[in-house]
Amino acid sequence: MIDANKIKEEVLSEIKNVTNAKILYDIRVKYLGKKGIISELLASLGKLSIEEKKLQGPIINTLKQEVTKLFDEKNKEIELNILNEKLKNEKIDISLPSTKIPLGSPNILEKLIEEVEELLMTLGYDVVDGPEIEEDKYNFEMLNIPKGHPARDAQDTFYIKDEEILLRSQTSPVQVRTMLENKGENPIRMICPGKTYRRDDDDATHSHQFMQIEGLLVDKDISLSDLKGTIDVIVKKLFGEDIITRFRPSYYQFTEPSVEVDISCFNCKGNGCHICKHTGWITVAGAGVVHPNVLRMGGYDPKIWSGFAFGFGAERLAMLKYGIDDLRVFYNTDLRELKTFDRKESD
Ligand code: DAH
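Residues numbered from 1 in each chain as written. Predicted model: local features only at pLDDT ≥ 70, side-chain atom pairs only at ≥ 80, totals over all residues. Heavy atoms only, no water.

A. View of the sheet that holds strand β10 (residues 306–313). The 7 strands lie next to each other as β1-β5-β6-β10-β9-β8-β7, forming an open sheet whose pairing is mixed. Of all the strands in the sheet, the pair left with one neighbour each is β1 (126–127) and β7 (245–252). Helix α7 (residues 173–181) rests against β5 (188–197), β6 (209–219) and β10 of the sheet, and its axis sits at about 140° to β5. Strands in contact with helix α8 (residues 224–239) are β7, β8 (255–264), β9 (281–290) and β10; relative to β10, the strand with the most contacts, it is inclined by about 30°. (Pairing = 2+ DSSP bridges. Helix = DSSP H or I, 4+ residues; strand = E, 2+ residues; numbered from the N terminus. Contact = heavy atoms within 4.5 Å. Axes fitted to C-alpha atoms, helices over the stretch in contact; angles between N-to-C directions.)

See the structure below:
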C-alpha cells in the first residue's frame, strides 16, 4: 500500500524553501516527470491485480492532482515574489532630472513663407502649387517672352529636353497655369511659394536653387495702387508698421507698367547703413500690372479683366528679416547652425 500522505509531505518539505523557478521545476520533474516518482507509481498499477488496482488507482490519481496543485501554487508564489522584488528595486525616483528629447522645428525659410501665406489667406488668396519641371511655353512664351527674346538670357535656364522642357527659372509660370484653370471666368487671388532654378554659381547671395513667392490677382478695375496697398500690407507685417514702400520703374515682359519694390531700411530707418548699402532703401520684389498679352494668352479678356502680379525672393526676405548674410545656410544640414535660427526668431 502506498503512503500518499508521506509523498505529499516529502514534496512539501522539498519545495518549502525554494525561491528559484528552475530549482522548483527540477523537483517537479522528479515527482511528475515521465520517469518521476508519481508517474512510476501510476505505471506500476499495471502489474497489480484488479482488486488492488481499484484500491490503489484512485489514491495515486488523487495524489497526482494534489501534488500538481502544490507545484502550481508554489510556482505562482515564486513568480509573485520575483515581481514584488522587481517593483521594489525599480522604484521611480521622481527627483531625477528627465531625459531631454530634442525637438525639431521648421526651417526658418519655411516659417517666413508660412507667415506670408497666412497673411495673404486672410486677404482671400489661395495658396497654389505648380510643377518645378516646366514647359517652355508656361515659363516664357505665355508670359510674353517669345523664343529668341533677349530677356531669356537673363534667366540662365536649366533646359532638360531640347528647348521645351526646363527647370522653372521663376514661379511666374504658375500665373499662366492658374489663369488657364480659371478659364477666363473667375477672379483670381493666388500666391505660389516654390523652388526655382537658374544656372548660377553658388555664393553668399546666389544659388542655383532658390525660392520665390509669386502673387497674382485678376479682377475688374485693378490698378497699380491696389498692388501698392497689397505689397504695403505684406512688408509691414514682415518688417514692421513704420516701413515705407517705394515703387521704382522697371521692366518685365509680363507686366506693364513694371516696378521694382523697395522698402525703407528697417535697420537704419532710411539714414543709411550696411544693410541698405547706405541708400536707405532695400529692394525686395519685382511686380507690376499684368500685361494685356499675358491676360489674353491666359484666356482673360483684357477689356474686362485687369490684374497685378508680384514676385518676392524668399531667401532674400528671410535674410533681411533674420539678419543672415549667407543664403547657403538655409540649405545647410548642420543642426548647430540651424539652431541659431530658433534663437534669432525668439529674440
Ligand atoms: N519672375 C520675376 C523674376 O524672377 C519676378 C517677378 C517680377 C514676378 C514681376 C512677378 C512680377 O510676378 O510681376 O525675376
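B. Geometry of the nonpolar core. Phe239, Val284, Phe310, Phe312 and Phe330 are the most contacted members of the largest nonpolar core, which has 48 residues in total. Among the secondary structure elements, those contributing two or more residues to this core are α5 (108–122), β6, α8, β8, β9, β10, α10 (314–322) and α11 (335–346). The element contributing the most residues to this core is α5, with 7 residues. In this structure, Val174, Val294, Leu295 and Ala309 belong to the second largest nonpolar core, which totals 21 residues. (Core = buried A, V, L, I, M, F, W, Y, C linked by side-chain atoms within 4.5 Å. Buried < 20%, exposed > 50% of the residue type's maximum accessible area, 1.4 Å probe, protein only.)

C. Inspection of the sheet that holds strand β3 (residues 158–161) at higher detail. A sheet is described by the order of its strands in space; here 3 strands give the open sequence β2-β4-β3, paired in antiparallel fashion. Two strands in the sheet have a free side with no partner beyond their single neighbour: β2 (133–135) and β3. In this sheet, adjacent strand axes meet at a mean angle of 40° when their direction is disregarded. When β2 meets strand β4 (residues 165–167), the two strands line up antiparallel, connected through 3 bridges. Its bridge partner lying in β4, Glu134 is registered against Leu166.

D. The arrangement of the packing of aromatic side chains in detail. With the rule as written, the count across this model stands at 5 aromatic pairs. Consider the rings of Phe310 and Phe312, whose centres lie 5.6 Å apart with planes at 70°: the pair is edge-to-face. The pair Phe310 / Phe312 is uniform in exposure class, with both members buried. Over the aromatic face of Phe247 sits the side chain of Lys228, whose NZ or CZ is 5.6 Å from the ring centroid. (Phe/Tyr/Trp six-rings, centres within 6.5 Å; stacked < 30°, edge-to-face > 60°. Lys NZ or Arg CZ within 6 Å of the ring centre and 35° of its normal.)

Without other data, these values stay purely geometric and don't point to any function.
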